[in-house]
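Chain residues, written in single-letter form:
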Amino acid sequence: MAHSVRRDAPELPDFSLLKRLARDQLIYLLEQLPGRKDLFIEADLMSPLDRIANVTTLKQHDVDKLYKVEHKPIVSTSDQTVRGCFLYPLTNWFLFPDVVNADKAFGRFRRYKIIFSPQKFYACENLLEEQGIFGDVTTDEWSFYLLPLDDDIISLELPEFFRDYFLEGDQRWVRTAGSALHLLHSVYGPFSKVYGIGRCSKMAYESWREQVEEGEQRARQAEIGNVFLIDRDVDLVTPLCSQVVYEGLVDDIFRIKCGCVEFCPDVTSSDKSIKVMLNSQDKVFNEIRNEHFSQVFGFLSQKARNLQTAYDKRSGMDIKQMKTFVSEELKGLKQEHRLLSLHIGASESMMKKKTKQDFQELLKTEHSLLEGFEIRECISYIEEHINRQVSMVESMRLLCLLSLTENGLLPKDYRSLKAQFLQSYGIEHLLTFSNLKQLGLLVEQQPGETLTVMESRVGKLVNDKTAGKLTDAFSSLAKKSNFRALGRRLNLVPKSDEEYDLRVPRDMAYIFSGAYIPLSCKLIEQVLERDGWTGLEEVTRMLNGHEFAVTAGSNGSDARVKTDSQRIILVMFLGGCTFSEISALRFLGREKGLKFIVVTTAITNSARLLESMLDNHA
Amino acid sequence: PTYPKDLQEEGWPPLMYVTFLKESKRAVNSIRSLVEEEDEEDDVEKVSWSGEPVGSISWSVKETESSIRSTGEVRDQSFPKIHTAPSLPKNSSGYSLSSLFKGKAKTGSFQSFSESFGDPSIRNYAPELRKPKSEYKDYVSDWTPEETVKRMQQGKVYSLEKFRSLQDKLLLLDEAVNAHDGNVITAVLIYLKKSLSKEILFRELITREIALRHYIHYLKEIGEQKLLVELFKSMDRTEDMALMQYRDHLNVRDENKKRDFLKNCLSFPFSPDDATHVQDHYTLLERQIIIESSGQADIFKKYPRKASILNMPIITTLYYSCFYHYGESDGTFSSPANIRKTFRISDKQFLLTCLGARAKLKAWFDVDALFTTKNWLGYTKKRSPIGFHRIVDILQKNNAPVQVLQDYVNLVEDVEQKISLAQKYKCHDVIINTYRDLKDRQQLIVYRGKVERGSSEYRKIEEILSNSVRLWGEVSPRLPLLQS
């Protein structure tokens, strides 16, 4: 609340333009289909669509009825001439032919158009062709790359990015990321510096650079000067930690979807849930979103007292004063009152939920893991958590944190914990364990020589020329988190015996109660401070390399000019980022007089990240 | 929903539309390369990957395009290419910053191709784009792998048919991989799948990890299970193969069919650990099918089941067994003891589960028996593999009455913990007795203030206090550990 160190931070660019662009394109696509049509919308696309267009807009462009895409025959009251228009993000696309074929089986012939968002894939068209419905169905794409969620948050709304890229090794979204960057560059650029770390970041950079070269460049005043790209797997520890900053906590407990949250009756103290937009427009929320949860209550009660005083002014007013009060102040006060009671309700409800699950003890275990302290006790805590069949995702989260911080589990522990996990939550989670291992989230410590043995074995199969192509096979084996060493090198884990005043945070560690500075944000801080990776060689080596820092132009001298745009930094997370990280960056921005804009493939948290690893739905 | 006002109330077209148009135009330039492809779209014989993605303002974009172009003063803003090819982690000694970011400013796009592939015949076909459609069809087949990949990325017309020799096909694939575009990599793989025998394709994919992973993911998505199994087999990735096949059990609904399916899985080449788990999975379902149709009718009538036990985890099954089949002889498949033995359930785990089930039924006598051990002299003693504070916690969550709770609170060894638990669950006797035993008069006085005046607790404290002088002497020592 009161820790702005530098007040001269530049203004953020206006991102509502991106919404307009997306909406205009959608309207254009609808106009391409003259006449009345029904619109079928894939569930995942509902909320993003809601943010940029409304029903009135759609109706004005001859959309008759709106449906949610369900993968079963379409029951529509309209006759055979109906035209369906499908809005699809690329999940479940391979189920589409069933819809059309079911139609055909009924002897109906309807004309369909599929609009893929944000882009279509060759594999989709190929499937339509193989199923013999290419032509019956036409396709198009809606280049809806970027959804501004708030003044400083832009989302690609691609939650599948994490699994597709990091688990399956599919690079289908690399160009999408490049195009999104290109769009930002064209509207708010030109960028003068790009830093990054991670293989995907490098590829996204290349894709963007190529797209810049393909188009022509225009001179304009840059609004965003610097860009930082980071792969989610550079730091997997941070998103797996329990969030304790207000916005993060709300996301962990109620799940914020597309900047909107549904508060249950428990919060609203009425009999129905309500949906609330959470962004900087909400004045109360805006002041508490970045605060450690322990500070929120005090703030809210202070606010409530002020509100009371403002209301109390009424007594002793004459008619005229009262009139002014009602017309000028009352509306604002009522609005504030509504917001206050909402956030107080939410805080209470969260408090209750967290107390019930012994949050304090859970946090203690997490902090011990981060610190590398009393690991045996942590393991028995996790074990008991599993034994008592408490939340499966929570158990998995703790196991992954243990593995990431300890560079893998001892084979004995791994076997025993895995067996108990399968007993408690279902043996089909064998598949989940296989996924977690593949990604390096939960692994067994390998005896030292294993890697070399593997290398020489594969080495015999191939000659030197192709050896480079085997990298991925090795990197998943070699993928060590090196968390302890990184923590020491970058001072990520402050000494536990030091007092940490959460009211006046001294560093980004406040987002985790002073126990841990998020690695991702620390890297960003360090690189910006050093204007590159110099001096961080040891760190990047432990992070598996793939770092870069490039400057526009051949000499790059003009980039040194200190303009406002140089102090606006766009940070792109490939694979998702958490609200806690955003809070940490906002803190860093205040400290350094910078403004951060976070672009992410999706807002994530531990539950979303781990649920994407589950394989138990056929 | 509570939208911000401006979004909610704004109709279409919005008033700001006209002014906005100007801004949009500039922005939209970024996607112009796609717009320019318009005229190719109606070419239905070719796979067209185009569209006009820019929205109803695209006409105006075209109108103003030329003016923007002529006024735009271009300064050198190009970014350098960076080296994205994977390199082995063990080479890290060679990781100097300079080697990673070859600051090559704007290399010609052909150059990177020639670097990777030695000696390709490079010809520039740019002029043909301006030729009439009927004519350029004849030239399509002359696009190099790099040009083809580029065109595919940009959604332009392309053709893969000319890549007929194995070498050409692989060059194309490698080029797609070099372009880092998963969409194009998969498209090329689909073509290779159609035009190469699987043995050849598999063989080539072994040394192409990135392409291989795209291929596997593609096959997973379109559900080509059989081919995937063959692929893993040919690569000697037997564990992946086994898991892949095992995964299919999720698609089997009928429990008897699923059991048979799992039985069939037992022969798959799992890792030794996983083989045990899959064996368990089969045994479990087999048991569950038996258990599902057994049990005494009266307990089910008294406590109707919320769900079937089929496909539940082992621990849930044990809980169910402790709930509905408690006391059955060890030989019965549905008895807790049998389940415990079959699935090698640890003492701790068994106790936790059993405790939960019996507490739920308020069978406090059973709960008691779980902890009671007799020594050789016949004395009974309560023991537990987990701390009694956890036991108290579990009992409390199952609404155990204070009389039951306090027995277990009393067993907590750590005095401080005992007091705090007793306070939390209002076990007055435990607190009072503990303070009495500690001879802590002061705490007793404090506690007297917390209980209801005239209640039995109150009277008990009074009694102790009045006797305390006689029993303890004037000054009562306070243990430092209780001062908090």
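Residues numbered from 1 in each chain as written. Chains lettered and ligands numbered in written order. Predicted model: local features only at pLDDT ≥ 70, side-chain atom pairs only at ≥ 80, totals over all residues. Heavy atoms only, no water.

## A few points about the overall build of chain B
Here is step 1: Broken down by element type, chain B carries 27 helices and two strands.
Here is step 2: Expressed as a percentage of its 484 residues, the buried residues of chain B come to 47%.
Here is step 3: Across chain B, the fraction of contacts at a sequence separation of at least 24, relative to all contacts at a separation of at least 6, is 52%.
Here is step 4: Just so you have it, chain B exposes about 25200 Å², and 51% of that area is on carbon and sulfur atoms. (Helix = DSSP H or I, 4+ residues; strand = E, 2+ residues; numbered from the N terminus. Buried < 20%, exposed > 50% of the residue type's maximum accessible area, 1.4 Å probe, protein only. Contact = heavy atoms within 4.5 Å. Areas by Shrake-Rupley, 256 points an atom, 1.4 Å probe, with all protein chains shown as cover.)

## Quick word on the packing of aromatic side chains
Residues and elements named next belong to chain B.
Here is step 1: The full count for this structure, using the stated rule, is 34 aromatic pairs over all chains.
Here is step 2: Ring geometry for F300 versus Y320: centroids 6.5 Å apart, planes at 45°, classification tilted. Placement of the pair is F300 in helix α17 (residues 297-302) and Y320 in helix α18 (residues 314-324), with a sequence separation of 20 residues. Comparing F300 with Y320 shows no difference in burial state: the two are buried.
Here is step 3: Aromatic side chains F388 and Y408 sit 6.3 Å apart centroid to centroid with 35° between the ring planes, which places their arrangement in the tilted category. Within this pair, whereas F388 is found in helix α22 (residues 388-397), its partner Y408 is found in helix α23 (residues 402-409), the two being separated by 20 residues in sequence. Comparing F388 with Y408 shows no difference in burial state: the two are buried.
Here is step 4: Here a set of aromatic residues connected by ring pairs shows up, and it is made of F300, Y303, Y319, Y320, F323 and Y324. (Phe/Tyr/Trp six-rings, centres within 6.5 Å; stacked < 30°, edge-to-face > 60°.)

## Quick notes on the packing of helix α7 (residues 174-188) of chain A against helix α8 (residues 199-214) of chain A
Residue and element names in this part refer to chain A.
Here is step 1: At a minimum axis distance of 8 Å, the contact between α7 and α8 shows a crossing angle of 55°. Judged by the inter-axis angle, α7 sits oblique to α8. The handedness of the crossing between α7 and α8 is right-handed. When α7 is examined against α8, the residues V174, R175, A177, G178, S179, L181, H182 and H185 are found in contact with a partner set consisting of C200, M203, A204, S207, W208, Q211, V212 and E214.
Here is step 2: Across the contact of α7 with α8, the residue classes tally to eight nonpolar, six polar and two charged. (Axes fitted to C-alpha atoms, helices over the stretch in contact; angles between N-to-C directions. Parallel < 35°, antiparallel > 145°, perpendicular 65-115°, else oblique. Left-handed = near helix turned anticlockwise from the far one by under 90°. Nonpolar A, V, L, I, M, F, W, Y, C, P; charged D, E, K, R; others polar.)

## Some remarks on the environment of I314 of chain B
Here is step 1: Inspection of the secondary structure puts I314 of chain B in helix α18.
Here is step 2: Note: C-alpha distance between I314 of chain B and S420 of chain B (106 residues apart in sequence) is 35 Å.
Here is step 3: Residue contacts for I314 of chain B: discarding those within four places in its chain leaves Q423 and I427 of chain A together with L284, F343 and I345 of chain B.

## Re the pairing of strand β4 (residues 111-117) of chain A
Residues and elements named next belong to chain A.
Here is step 1: Counting buried residues along β4, six of its seven residues qualify, which places the element largely inside the surrounding structure.
Here is step 2: Relative to strand β5 (residues 137-141), β4 runs parallel, the two sharing five bridges. Each bridged residue has a counterpart across the sheet, and for F116 the counterpart in β5 is E141.
Here is step 3: The handedness of the β4 to β5 crossover, carried by helix α5 (residues 122-130), is right-handed. (Pairing = 2+ DSSP bridges. Right-handed = clockwise from strand over helix to strand, strands pointing away.)

## Remarks on unusual backbone geometry
All names here are of chain A.
Here is step 1: Following S117, the chain continues into P118 via a peptide bond in cis, with omega recorded as 0°.
Here is step 2: Residue position: P118 is located in the loop between β4 and α5.
Here is step 3: Phi at E374 is positive, roughly 50°, even though this residue is not glycine.
Here is step 4: Looking at the secondary structure, you find E374 in the loop between α15 (359-371) and α16 (375-387).

## Some thoughts on the sheet that holds strand β7 (residues 153-155) of chain A
What holds strands together in a sheet is hydrogen bonding between their backbones, with the strands either parallel or antiparallel.
All names here are of chain A.
Here is step 1: Spatial ordering of the open sheet is given by β6-β7-β14-β13-β9-β8-β12, a layout of seven strands whose pairing is mixed. Sheet topology places β6 (147-150) and β12 (547-551) at the edges, where each strand pairs with a single neighbour. Strand-to-strand, the axes of this sheet are offset by a mean angle of 20°, without reference to chain direction.
Here is step 2: In the packing of helix α26 (residues 579-592) onto the sheet, the strands contacted are β7, β13 (568-574) and β14 (595-600), and the crossing angle to β14 comes to about 160°.

## Describing the confidence of the model for chain A
Residue and element names in this part refer to chain A.
Here is step 1: The predicted model of chain A averages 83 in pLDDT, with 84% of residues at 70 or higher.
Here is step 2: The spread of mean pLDDT over the elements of chain A runs between helix α21 (residues 464-467), the lowest at 43, and helix α9 (residues 237-240), the highest at 96.
Here is step 3: In the predicted structure, residues 77-82 sits below a pLDDT of 50 and forms ten contacts with residues beyond four places in sequence or in another chain. (pLDDT = per-residue confidence, 0-100.)

## Description of helix α21 (residues 364-371) of chain B
Residues and elements named next belong to chain B.
Here is step 1: Buried within α21 we find W364, D366, V367 and F371. What you see down the axis of α21 is that its buried residues fit within an arc of 160°, all on one side.
Here is step 2: Buried residues in α21 make contact with α20 (347-360), β1 (372-374), β2 (380-382), α22 and α23. (Arc of directions from axis to C-beta.)

## Considering the pattern of salt bridges
Here is step 1: Scanning the model with the defined rule gives 57 salt bridges over all chains in all.
Here is step 2: One salt bridge connects K81 of chain B with E206 of chain A, and the closest N-O pair in it is separated by 3.7 Å. Of this pair, K81 of chain B sits in the loop between α4 (58-71) and α5 (97-100) while E206 of chain A sits in helix α8, which puts the two residues in different chains. Across this residue pair, the class does not change: K81 of chain B and E206 of chain A are buried.
Here is step 3: One salt bridge in this structure joins R390 of chain B and E361 of chain A, with 4.0 Å as the shortest N-O distance. Placement of R390 of chain B in helix α22 and of E361 of chain A in helix α15 is noted, with the two residues assigned to different chains.
Here is step 4: By relative accessible area, which is 12% here, R390 of chain B ends up buried.
Here is step 5: Counted as one network, the salt bridges with shared partners bring together E361, E384 and R388 of chain A together with R390, D393 and K397 of chain B. (Salt bridge = Lys/Arg side-chain N within 4 Å of Asp/Glu carboxyl O.)

## Points about the packing of helix α16 (residues 272-292) of chain B against α18 of chain B
All names here are of chain B.
Here is step 1: Closest axis-to-axis distance for the α16/α18 pair is 11 Å, and the angle between their directions is 25°. Comparing the axis directions of α16 and α18 gives the class roughly parallel. Read as a crossing pair, α16 and α18 show a hand that is left-handed. Contacts from L284, Q288 and I291 of α16 reach α18 at I314, T317 and Y320.
Here is step 2: Partitioning the contact of α16 with α18 into residue classes produces four nonpolar, two polar and no charged.

## A few points about the pairing of strand β8 (residues 193-197) of chain A
Residues and elements named next belong to chain A.
Here is step 1: Most of β8 is tucked away, with five of its five residues classed as buried.
Here is step 2: Side chains K193, Y195 and I197 of β8 all project onto a buried face; the interleaved residues V194 and G196 project onto the opposite face, where all are buried too.
Here is step 3: Pairing between β8 and strand β9 (residues 226-231): five bridges, direction parallel. If you follow K193 over to β9, its bridge partner there is N226.
Here is step 4: Here β8 pairs with β12 via five bridges, running antiparallel. Bridge assignment links V194 to a residue of β12, and that residue is V550.

## Notes on the environment of T283 of chain B
All names here are of chain B.
Here is step 1: For T283, the position within the fold is in helix α16.
Here is step 2: Overall, the relative accessible area of 14% leaves T283 in the buried class.
Here is step 3: The contact partners of T283, leaving out residues within four places of it in the chain, are T342 and F343.

## What about the state of the cysteines?
Here is step 1: Considering all chains together, one arrives at zero disulfides over all chains under this definition.
Here is step 2: No disulfide involves C521 of chain A; its sulfur sits 8.2 Å from that of C577 of chain A, the nearest cysteine.
Here is step 3: You can see C354 of chain B has no disulfide; the closest cysteine sulfur is in C322 of chain B, sitting 3.6 Å from it.
Here is step 4: Here C354 of chain B falls in the buried class, since its relative accessible area comes to 0%. (Disulfide = S-S within 2.5 Å.)

## Digging into α23 of chain B
Here is step 1: For α23 of chain B, the set of buried residues is V404, L405, Q406, Y408 and V409 of chain B.
Here is step 2: Tucked inside the fold, the buried residues of α23 of chain B contact α21, β2, α22, α24 (415-424) and α25 (428-438) of chain B.

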